[in-house]
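Residue-level listing of the chains:
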Amino acid sequence: MARVKFLCDADRCIECNACVTACKNEHEVPWGINRRRVVTINDGKPGERSVSMACMHCTDAPCAAVCPVSCFYTTADGVVLHSKDLCIGCGYCFYACPFGAPQYPKVGNFGSRGKMDKCTYCAGGPEADNSPAEYAKYGQNRLAEGKLPICAEMCSTKSLLAGDGAIIAEIYKERVMKRGYGSGMWGWKTAYSDSPTG
Amino acid sequence: MPGSLSTLKVLCAALALLFVVAQPAAAQLSFKPTAEAVQEDKLLNALKEGDKISGRVSIPDAMSASLIQPAGRDWRDFHRSKLPIIGGIAIVGMFAALLIFLMVRGKIRIHRGFAGTTILRFASFERFTHWLTASCFIILALSGLNISFGRSLILPLFGAEGFATMSGYAKWAHNYLAFPFMLGLVIMFLIWIKDNIPGKVDLEWFKQGGGVLFKGKHPPARRFNAGQKGIFWIVIIGGALMSVSGWFLLFPYLPANVTTLQFWTVIHAVIAMLFIAAMMAHIYIGSIGMEGAFDAMGTGEVDLNWAKEHHSLWVEEEQAKGQAPSGTTPRAMPAE
């Protein structure tokens, strides 16, 4: 099976936040939580770049390594998912995640953490595919329907790519060759220990 | 309308002028907006330890402005590799040390036997404060250890579902019992600080091995001997560190900064391991380690001979105040 990944071509991102909005809408993500966000580096300065970032579905995921209740699992496609039934909202995955992906609804009297929520690569959770229970906890399971994540599908400049890691890396490499520049495959080194050009 | 036409003319002229003025400036700009963009590689290489690549986001969540924080891997390494070593050495090491101590030194008996008469050592409010803090501490310690090591030690026994449910309740207990624990710390500090100021008599206590290392030797001590003063300050300073670090973890949206939170979790975990080890020694000497010691926090009344052996100066002070049985009380004679 293919190892799926995300790749944001920052030289194409126009910071329209369509990926952010599409994600929130598709999964009815709760108020205050963004599974994806667009971060602008060197904002207002020459050479600024915007990067759309969510969970990178790391190889040897740090969140899974530190979770005290072991609620994470990796699918055959390389998607890192978690069980909200097991999650106790301790915050460890947030400390360990290099990309700030795990987020928590504020619950309880102190506004302490609820059960963690993060990007599922539009692949739902441990419940039966496209069941109401799965939708309520994790949102749509587009992968089970044979579709790619909505954020990448919606991207108007085809900056955000989702799919087989080898293929999207190839597409990006071709682009860089043709353009003659590229600001890098943001997060890949950290998430997959791949070199930005490889 | 001639008026508006002339306005238009002036506007056009102004625009043209702007163009002429702006053009040389544009020509001077040798910057290529595409090829000279920020490079992830360069940013990653320029990062200092514990630093992160961050920018600006248009959503209200300020924490999401952090794009990549490689320090997360250091935190993972701390949690998975370093903490089990620190905790293992501190807790298993202390357990082994106490076991060896018990085997070598044995239970510390009252040298002259029980006197039969007692003296009030801790009033009910003091005992209440002690047990409030102590019972919270035990649950906080166990639930904390569960978060740190339960996955490898307990999860295989319970199964994923049962362990997650138990850990969920443990987390709630940890969050809520933090408050009575902190209250207990404050009261203990206020009621016992006056008896815990280090003094000259403490040096002598250390020189004589605390009356614990060598049989039959009992250095003089006031209400608290140097060892107990040590425990007091470990509890106060350790407890304060646990409270401050724990406060940030209780209210994670307060610092709203992952680096700060990582720092406080490390402090919280390391101090906790040392704190637990120190308290194991305290529990040992207050229960099975020493004859007559538990009564101090049990009934509050300790045997007079126990008090004379371990807190001779304190007994004299109490007797002077008339709040203790006098030293002339007939005591059990050795059957020789």
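Relevant structure appears above.
Note that the coordinates shown come from a computational prediction; the quantities given were computed from them, not determined experimentally.

Enquirer: Please provide a residue-by-residue account of the overall build of chain B, values included.
Expert: From N to C terminus, chain B includes 11 helices and 4 strands. Evaluated residue by residue, chain B yields a buried proportion of 26% over its 336 residues. When contacts within chain B are restricted to residue pairs at least 6 apart in sequence, those whose partners lie at least 24 apart make up 70%.

Enquirer: Just give me the short version of helix 1 (residues 18-27) of chain A, but keep the residues and values in it.
Expert: Residues and elements named next belong to chain A. For helix 1, every residue scored as buried is listed here: Cys19, Val20, Cys23, Lys24 and His27. Seen along its axis, helix 1 keeps its buried residues to an arc of 130°; they face one direction. Where helix 1 is buried, its residues contact strand 2 (37-41), strand 3 (49-53), helix 5 (150-154) and strand 8 (160-164). Looking at the residues trailing helix 1, positive phi occurs at glutamate 28, about 45°.

Enquirer: Outline the environment of Asp9(A), listing residues and values.
Expert: Residues and elements named next belong to chain A. Looking at the secondary structure, you find aspartate 9 in the loop between strand 1 (4-8) and helix 1. Linking aspartate 9 and tyrosine 104, residues 95 residues apart in sequence, is a C-alpha distance of 28 Å. Contacts of aspartate 9, omitting those with residues within four sequence positions, involve Ser159, Leu161, Tyr172 and Arg175.

Enquirer: I'd love a proper account of helix 9 (residues 258-286) of chain B, names of residues and values included.
Expert: Counted at 1.5 Å a residue, the expected span for helix 9 of chain B with its 29 residues is 42 Å, and the 41 Å between its end C-alpha atoms agrees. For helix 9 of chain B, the set of buried residues is Val258(B), Leu261(B), Gln262(B), Thr265(B), Ala272(B), Met273(B), Phe275(B), Ile276(B), Ala277(B), Met279(B) and Ile285(B). For helix 9 of chain B, the elements touching its buried residues are helix 3 (92-96) of chain A together with strand 2 (66-68), helix 3 (71-105), helix 4 (124-153) and helix 8 (226-250) of chain B.

Enquirer: Give me the pairing of strand 1 of chain A: which residues, what numbers.
Expert: Residues and elements named next belong to chain A. The element strand 1 is extensively covered by neighbouring structure, given that 5 of its 5 residues are classed as buried. Neither face of strand 1 is open: one carries Val4, Phe6 and Cys8, the other Lys5 and Leu7, and all of them are buried. Pairing of strand 1 with strand 8 involves 5 bridges; the strand directions are antiparallel. Following the sheet pairing, phenylalanine 6 is matched in strand 8 by alanine 162.

Enquirer: If you had to explain the interface of chain B and chain A to someone new, which residues and values would you point to?
Expert: The interface of chain B with chain A comprises 51 residues on the first partner and 47 residues on the second. Of all the secondary structure elements, the ones that give two or more residues to the side of chain B that touches chain A are helix 2 (40-46), strand 2, helix 3, helix 4, helix 6 (160-192) and helix 9 of chain B. Take the side of chain B that touches chain A: its biggest share by element is 7 residues, from helix 6 of chain B. Per-class residue counts for the side of chain B that touches chain A are 26 nonpolar, 15 polar and 10 charged.

Enquirer: How would you summarise unusual backbone geometry if you had to cite specific residues and measurements?
Expert: Residues and elements named next belong to chain A. The residue asparagine 42 is not glycine, and still its phi comes out positive at about 55°. Looking at where asparagine 42 falls in the secondary structure, it is placed in the loop between strand 2 and strand 3. Notably, serine 70 is not glycine yet its phi reads approximately 55°, a positive angle. Following the sequence through the fold, serine 70 ends up in the loop between helix 2 (62-66) and strand 4 (72-74). For serine 70, a count of 18 C-beta atoms within 10 Å puts it in the partly exposed group.

Enquirer: Break down the packing of helix 6 of chain B against helix 8 of chain B for me, citing the residues and quoting the values.
Expert: Residues and elements named next belong to chain B. One can describe the packing of helix 6 onto helix 8 by two numbers: an axis separation of 10 Å at closest approach and a directional angle of 145°. Crossing of helix 6 over helix 8 shows left-handed handedness. Contacts from Asn175, Ala178, Met182, Leu185, Met188, Phe189 and Trp192 of helix 6 reach helix 8 at Phe232, Val235, Ile236, Gly239, Ser243, Gly246 and Leu250. Within the contact of helix 6 with helix 8, the residues separate by chemical class into 10 nonpolar, 4 polar and no charged.

The rules behind these values
- Every chain's residues receive numbers from 1 upward, in the order its sequence appears when written.
- Following the order in which they are written, the chains are lettered starting with A and the ligands numbered starting with 1.
- Restriction of local features to residues with pLDDT of at least 70 applies here, the model being predicted, together with a cutoff of 80 or more for giving and counting side-chain atom pairs; totals for whole chains, interfaces and linings are based on all residues.
- The helix and strand labels rest on DSSP assignments: H or I over at least four residues marks a helix, E over at least two residues marks a strand, and numbering proceeds from the N terminus.
- Three exposure classes are used. Buried residues have 20 or more other C-beta atoms within 10 Å of their own C-beta, exposed residues have 12 or fewer, and partly exposed residues fall in between, all C-beta atoms being placed from the backbone.
- Our contact criterion uses C-beta atoms placed from the backbone: two residues qualify when those atoms are within 7 Å.
- Taking the helix axis as origin, the arc is that swept by the directions to the C-beta atoms.
- To estimate how far a helix should reach, multiply one less than its number of residues by 1.5 Å.
- Following DSSP output, two strands are said to pair if at least two bridges run between them.
- Polar here means any residue outside two lists: the nonpolar Ala, Val, Leu, Ile, Met, Phe, Trp, Tyr, Cys and Pro, and the charged Asp, Glu, Lys and Arg; Gly therefore counts as polar.
- Every axis in this analysis is a line fitted to C-alpha atoms, fitted for helices over the stretch in contact. Angles between the N-to-C directions lie between 0 and 180 degrees.
- By convention, the crossing between two helices is left-handed when the near helix turns anticlockwise from the far helix through less than a right angle, and right-handed when the turn is clockwise.

The values reported here are purely geometric and, on their own, carry no functional implication.
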